[in-house]
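What the coordinates show
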Amino acid sequence: MPYQRSPLFHKHYEHYNLPPYGNFVEQNAVTIAQVEQYDRLIAERSGETVLDHYIRDNKELLVNALDFVSTGHQGSWVFPQQQIKTALRGEGTDLIPDYLLCGKSSDGLAWWVVEFKGADEPLFTTGKDGRVSFSATANKGILQLLEYIDFCNEHQSALRDQLKLTDFREPRGMLVIGHEEELEGDERLRKLKAAWNRLVGGRLEIRTHDALVRAARHKAEFHRNFG
């Protein structure tokens, strides 16, 4: 039987001092059908726009990214770009992230700015001299996240007031980009990605779309959500 949260959670939601109910997305409700379709889009090396459109309509997939940072199992929320733009009435709208995620764990609420790039985009590039660097798209995504985080910190009071974002403070960043085929068979690239997440992770994570598929598939299969 597909996962269902206790009816008491929904009935007494307003007493829990949580973010708005309208933005609540059940992490455990992701279905195998949703995961399989997303996996097909990744296999086709779909670009940022195609993947964003799919995620926008299947937010149960998106909130499983919170598994990477060990939160969301007690509740997860999604705030899309357009909702944030509307709340801030156009102020600095070029610095508003694709999505703002919130996850609840025993440590409380944690906030994450999420930026999506295409499955067709590489994470790394190797120069003629053999030196490895982030690809132009990955580098752009990282810098965008830094600006988004700074913007959200600067406007955290307005976000708390306009969107009723309980305990909103100091969001961290997550970049989802590329396909793991790029890393397969290249130990150097795998080590570099692991080193980034080990040294900078917790503040700015880098994950592939394949990793999101694995997290969501595990949840869907565990709860037998066939869709």
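This is a predicted model, so every value here is computed, not measured.

Things to note about the overall build of the chain
Looking only at helices and strands, one finds nine helices and seven strands in the chain. Relative to a compact globule of 227 residues, whose C-alpha radius of gyration would be 17 Å, the chain shows 18 Å and is just as compact. Dimensions of the chain, computed from the C-alpha atoms along their principal axes, are close to 60 × 45 × 30 Å. For the chain, the proportion of its 227 residues judged to be buried stands at 49%. Relative to all contacts within the chain whose residues are 6 or more apart in sequence, the contacts with residues 24 or more apart total 72%.

Considerations on the packing of aromatic side chains
Under the definition given, this model contains 12 aromatic pairs. Ring geometry for Tyr13 and Tyr21: centres 4.8 Å apart, planes at 75 degrees, overall edge-to-face. Its relative accessible area of 7% is what places Tyr13 among the buried residues. An aromatic cluster of three or more residues is present, and its members are Phe9, Tyr13, Tyr16, Tyr21, Phe24 and Trp77. For the cation-ring pair, Arg5 lies above Phe9, with the distance from its terminal atom to the ring centre recorded as 4.8 Å.

Description of helix α9 (residues 209-222)
With 14 residues, α9 extends 20 Å between its outermost C-alpha atoms, agreeing within 8% with the 20 Å of an ideal straight helix rising 1.5 Å per residue. All of the buried residues in α9 are His209, Asp210, Ala211, Leu212, Val213, Ala215, Ala216, Lys219 and Ala220. Residues of α9 that are buried sit in contact with α2 (32-43), α3 (48-57), α4 (59-62), β3 (108-116), β6 (172-176) and β7 (204-207). Immediately downstream of α9, the backbone of Arg224 shows phi near 55 degrees, a positive value.

Observations concerning α3
Where α3 is concerned, the buried positions are Leu51, Asp52, Tyr54 and Ile55. Viewed end-on, α3 has its buried residues packed into an arc of 165 degrees, placing them on one side of the element. Residues of α3 that are exposed and point more than 90 degrees away from the buried face comprise Thr49 and Asp57. Where α3 is buried, its residues meet α2, α4, β2 (99-105), β3 and α9.

Quick look at the sheet that holds β6
The strand order across the open sheet built from five strands is β1-β2-β3-β6-β7, with neighbouring strands paired in mixed fashion. Either end of the sheet is taken by a strand with one partner, and the two such strands are β1 (76-80) and β7. Mean inter-strand twist for the sheet, computed between neighbouring axes without regard to direction, equals 25 degrees. Direction of pairing for β3 relative to β6: parallel, over a ladder of five bridges. Bridge pairing in β6 links Glu115 to Leu175.

A closer look at the pairing of β1
The buried fraction of β1 is high, at four of five residues. Pairing between β1 and β2: five bridges, direction antiparallel. What sits directly across from Phe79, in β2, is Leu100.

Brief notes about the nonpolar core
Judged by nonpolar contacts, the single largest core of 34 residues is most densely connected at Trp77, Phe79, Ile84, Leu100, Trp111, Leu159 and Leu165. Mapped onto this core, the elements with two or more residues apiece are β1, α5 (81-88), β2, β3, α6 (136-154), α7 (156-163) and β7. Aside from chain neighbours lying at most four places away, what touches Leu159 is Ile84, Leu88, Cys152, Lys164, Leu165 and Phe168. Core analysis: the second largest hydrophobic core is formed by 33 residues, Ile32, Tyr99, Val114 and Phe116 among them.

Focus: the pairing of β2
Burial of β2 is extensive: six of the seven residues sit out of reach of the surface. Pairing between β2 and β3: seven bridges, direction antiparallel. Bridging across to β3, Leu100 finds its partner in Val113. Where β2 hands over to β3, the hairpin turn is made up of two residues, counted between the paired strands.

Notes on the environment of Leu146
Looking at where Leu146 falls in the secondary structure, it is placed in helix α6. Taking C-alpha positions, Leu146 is 9.0 Å from Arg172, a pair spaced 26 residues apart along the chain.

Rules used throughout
- Each chain carries its own residue numbering, running from 1 in the direction its sequence is written.
- In view of the model being predicted, local features appear only for residues whose pLDDT reaches at least 70, and side-chain atom pairs are presented and counted only at 80 or more, with totals across whole chains, interfaces and linings using the full set of residues.
- Calculation of side-chain values draws on the structure's entire complement of heavy atoms; hydrogens and water are dropped beforehand.
- Runs of E in the DSSP output that reach at least two residues are strands. Runs of H or I that reach at least four are helices, and both are numbered from the N terminus.
- All radius of gyration figures rest on C-alpha atoms, and the globule criterion is 2.2 Å times the number of residues raised to 0.38.
- Burial status follows relative accessibility: with a 1.4 Å probe on protein chains alone, a residue under 20% of its type maximum counts as buried, one over 50% as exposed, and anything between as partly exposed.
- When checking whether two residues touch, look at their non-hydrogen atoms; a contact exists if any pair is within 4.5 Å.
- Only Phe, Tyr and Trp rings take part, Trp by its six-membered ring, and two of them pair if their centres are within 6.5 Å. Stacked means planes under 30 degrees apart, edge-to-face means over 60, and tilted covers everything else.
- Whether a charge sits over a ring comes down to the Lys NZ or Arg CZ being within 6 Å of the ring centre and within 35 degrees of the ring normal.
- Expected span of a helix: the number of residues minus one, times 1.5 Å.
- To be clear, the arc concerns the directions from the helix axis to the C-beta atoms.
- In this analysis, strands are considered paired if DSSP registers two or more bridges between them.
- Simply put, an axis is a line fit to the C-alpha atoms, just over the touching stretch for a helix, and the angle between two N-to-C directions goes from 0 to 180 degrees.
- Buried Ala, Val, Leu, Ile, Met, Phe, Trp, Tyr and Cys residues that are joined via side-chain atoms within 4.5 Å together make up what is termed a nonpolar core.

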